[in-house]
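# Architecture and fold: a report
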Amino acid sequence: MTAPETDSETEPDIEALRKRALTSLITARDRTTLLTSCVEDPDLTAQHSPLMSPLVWDLAHIGNQEELWLLRTVGGREAMRPEIDSLYDAFEHPRSERPSLPLLAPAEARRYAAEVRGRALDLLESADFHGTRLTEAGFAFGMIAQHEQQHDETMLITHQLRTGPQALTAPDPAPAPPFTGPAEVLVPGGPFTMGTSGEPWALDNERPAHPREVEPFWIDTVPVTNAAYQAFIEDGGYVTERWWEPRGWAHIRQHGTVAPLFWRRDGGQWLRRRFGITEPVPPDEPVLHVSWYEADAYARWAGRRLPTETEWEKAARFDPATGRSRRYPWGDADPAPEHANLGQRHLGPAPAGSYPAGESPLGVRQLIGDVWEWTASDFLPYPGFRAFPYKEYSEVFFGPEYKVLRGGSFAVDPVACRGTFRNWDYPIRRQIFSGFRTARSEAV
């Protein structure tokens, strides 16, 4: 059996936890400020897609969640603006309705979020990180930092969907030589520990750690690239029914889908729109903005399949030398720029084969960052799952309607990305920063 994950027996360093929480909150707010200050107020209040909220809703929602959990629940403070709670309850109003709500105007939303943050930082100064599960190891502060960063990713998606001139800029990832390593890696069969019980800021759906048995399988060394995906298109991938799951085939026929979202053909080349700029599709980048149905169809066309969530995590975390599961593919250290493309440092994925320092012990690259990777698995609870601190974070989404994505993307901050982190969405979704890699069973 693999060595089980165990909680640390040492006392946490309270000041280190306080510093981590402070840094995480400030990093998140700096990103939120950039995403909501780079456009004028009409762009903040507009709904750029029925799939997304107005940016100003996200801004005030971030502040409202911080007030609810840090000031009221942890700090026991009186509600600052109880009359707005229902406006910013994500389960009370679907995104399509939010533009018609009496939302806080941009200036007022900024003032509210800033006032909440000031009080939250005062609370952090005196927090002892003991007493309840919500406060242990600073979990509530970590949860709020992750929540804000998740909305920063959502707001970046909104920026990609909006029309008009470029509003955001960032340097491109460093050029990388063409990847010449093996196309696939063999992941050995046998048990490993999936999930976590010891990661202090892990969310409920990542818990608890538990043993899983996996048959040996092969997995792509790098994510599927634009060039590889174009071969699928050129071979009639979107007009050949046998590659498609029936609901996926019906969906692409209904919507006339012929390529990833934001792509269009111009003569003999494919172009894409990226944050207000139209450019040729780079062949060596991981393909982006594809649905689960598209990923599944490509895998079938290639004579392969999508990896299960369990297979993905074993490829990312299992160390055959020790038999234990790492926090990240490269080890237990927090992500650094040489490990992965995270944190919106760049506004797109790096070339396939980048970040050799971030590869797994088995040699699989870019499992963290660049693109969210679709898996074959439905979003389901782990054995022993317990909802915490509220059912609406994970439990209400469990079931076959949602497919699991793993690994994070260039838009995800390290605080909201781990080897155990689970994302989920409908199989039709393409506006998210989603790509994939394929797998095959050893005997195939």
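Scroll up a little and you will see the structure.
First things first, this report covers the structure right here in the doc. (Residues numbered from 1 in each chain as written. Predicted model: local features only at pLDDT ≥ 70, side-chain atom pairs only at ≥ 80, totals over all residues. Heavy atoms only, no water.)

### Here we look at the overall build of the protein chain
Rules: Secondary structure follows DSSP: runs of H or I at least 4 residues long count as helices, runs of E at least 2 residues long count as strands, and numbering of each begins at the N terminus. For a compact globule the rule gives 2.2 Å times the number of residues to the power 0.38, and the radius of gyration it is set against comes from C-alpha atoms. Summary of the burial criterion: residues with accessible area below 20% of their type's maximum are buried, those above 50% are exposed, and those between are partly exposed, where the area comes from a 1.4 Å probe applied to protein chains only. Contact between two residues is taken to exist if any of their heavy atoms lie within 4.5 Å; hydrogens are not considered. Using a 1.4 Å probe, accessible areas were evaluated by the Shrake-Rupley method; residue-level cover was limited to the displayed protein chains. Under this rule, positive means Lys or Arg and negative means Asp or Glu; His and the chain ends count for nothing. In plain terms, the charge of a residue is placed at NZ if it is Lys, CZ if Arg, CG if Asp and CD if Glu.
Helix and strand content of the protein chain: nine helices and 14 strands. For 444 residues, the compact-globule formula gives about 22 Å, and the C-alpha radius of gyration of the protein chain, at 22 Å, lands near that figure. By its C-alpha atoms, the protein chain is 60 × 55 × 40 Å across when sized along the principal axes. Relative to its full complement of 444 residues, the protein chain shows a buried share of 57%. Long-range pairs, those at least 24 residues apart, make up 77% of the contacts in the protein chain between residues at least 6 apart in sequence. As presented, the protein chain carries roughly 18,200 Å² of accessible surface, and 54% of it is formed by carbon and sulfur atoms. Between the centroid of the 46 positive side chains of the protein chain and the centroid of its 63 negative side chains there is a distance of 3 Å.

### What about a negative patch on the surface?
Quick reminder of the rule: Each patch is built from residues lacking any salt bridge and having more than 30% relative accessible area; the joining distance is 9 Å for like charges and 5 Å for nonpolar side chains (Val, Leu, Ile, Met, Phe, Trp, Tyr). When a carboxyl oxygen of Asp or Glu is within 4 Å of a side-chain nitrogen of Lys or Arg, the pair counts as a salt bridge.
Where like charges cluster on the molecular surface, the negative patch consists of Asp89, Glu92, Glu392 and Glu395. Within the element layout of this structure, Asp89 appears in the loop between α3 (55-74) and α4 (106-126). Take Asp89: its relative accessible area is 31%, and that puts it in the partly exposed class.

### Quick notes on the sheet that holds strand β1 (residues 184-187)
What links the strands of a sheet is backbone hydrogen bonding, and the strands pair in either a parallel or an antiparallel sense. Heads up, the condition is: The pairing criterion for strands is at least two bridges between them, as found by DSSP. Note on method: axes are straight lines fitted to C-alpha atoms, helices fitted across the in-contact stretch only, with angles between N-to-C directions ranging 0 to 180 degrees.
Spatial strand order, β1-β4-β14: three strands in an open sheet with antiparallel pairing. This sheet does not close on itself; its edge strands, each paired only once, are β1 and β14 (439-441). Averaged over neighbouring strand pairs, the angle between their axes works out to 25° when direction is ignored. In the sheet, β1 pairs with strand β4 (residues 217-220) via four bridges, with the strands oriented antiparallel. Considered in β4, the bridge of Val185 is made with Ile219.

### Looking at the environment of Pro349
When you line up the elements, Pro349 lands in the loop between β9 (324-325) and β10 (372-379). Excluding residues within four positions of it along the chain, Pro349 makes contact with Pro173, Glu285, Pro286, Leu288, Asn341, Asp370, Val371 and Phe410.

### Some thoughts on the packing of aromatic side chains
The following threshold applies: Between rings of Phe, Tyr and Trp, where Trp is taken as its six-membered ring, a pair exists when centres lie within 6.5 Å; planes separated by under 30 degrees are stacked, by over 60 edge-to-face, and by other angles tilted. By the criterion adopted, a ring carries a charge over it if an Arg CZ or a Lys NZ lies within 6 Å of its centre and within 35 degrees of its normal.
With the rule as written, the count across this model stands at 30 aromatic pairs. Ring centres of Tyr229 and Tyr298 lie 5.8 Å apart, and the angle between their planes is 15°; this geometry places the pair in the stacked category. Pair noted here: Tyr229 is in helix α6 (residues 226-234) and Tyr298 is in helix α8 (residues 292-301), with a separation of 69 residues, a long-range link. With a relative accessible area of 8%, Tyr298 lands in the buried category. Members of the aromatic cluster, each reached through a chain of ring pairs, are Trp69, Phe91, Phe379, Phe385, Tyr390, Tyr393, Phe397, Phe398, Tyr402, Trp424 and Tyr426. Over the aromatic face of Trp292 sits the side chain of Lys403, whose NZ or CZ is 4.6 Å from the ring centroid.

### Details of the nonpolar core
So the rule is basically this: Nonpolar core, defined: a set of buried Ala, Val, Leu, Ile, Met, Phe, Trp, Tyr and Cys residues in which side-chain atoms within 4.5 Å join the residues together.
Counting residues in each nonpolar core, the largest one holds 116 residues, and the members touching the most others are Phe141, Leu156, Tyr229, Trp244 and Phe436. The element best represented in this core is helix α5 (residues 139-161), accounting for ten residues. Those residues in contact with Phe436 that sit more than four places away from it in its chain are Pro223, Val224, Tyr229, Val287, Val290, Ala295, Tyr298, Leu306, Trp372, Glu373 and Trp374.

### Thoughts on the sheet that holds strand β7 (residues 277-280)
Read across the open sheet, the three strands follow the order β5-β6-β7; overall the sheet is antiparallel. Strands at the two margins of the open sheet, each flanked by one partner only, are β5 (263-266) and β7. When strand polarity is set aside, the average angle formed by the axes of neighbouring strands in this sheet is 35°. Bridging between β5 and strand β6 (residues 269-274) involves four bridges; their strand directions are antiparallel. Directly across from Arg264, in β6, lies its bridge partner Leu271. Across the face of the sheet, α6 comes into contact with β5 and β6 while running at roughly 70° to β5.

### Focus on helix α1 (residues 14-37)
Put simply, the rule is: To estimate the expected span of a helix, subtract one from its residue number and multiply by 1.5 Å. In protein, a polar contact requires one atom able to donate a hydrogen and another able to accept it; more generally it is a pair of N or O atoms within 3.5 Å, and residues adjacent in sequence count only if both atoms are side-chain atoms.
In this model, α1 (24 residues) spans 34 Å end to end at C-alpha, consistent with the 34 Å of a helix rising 1.5 Å per residue. Looking at the packing, one finds that the buried side of α1 touches α2 (41-45), α3, α4 and α5. Two or three places before Glu15, at the start of α1, stands the capping residue Asp13, its side-chain oxygen 3.2 Å from that residue's backbone nitrogen.

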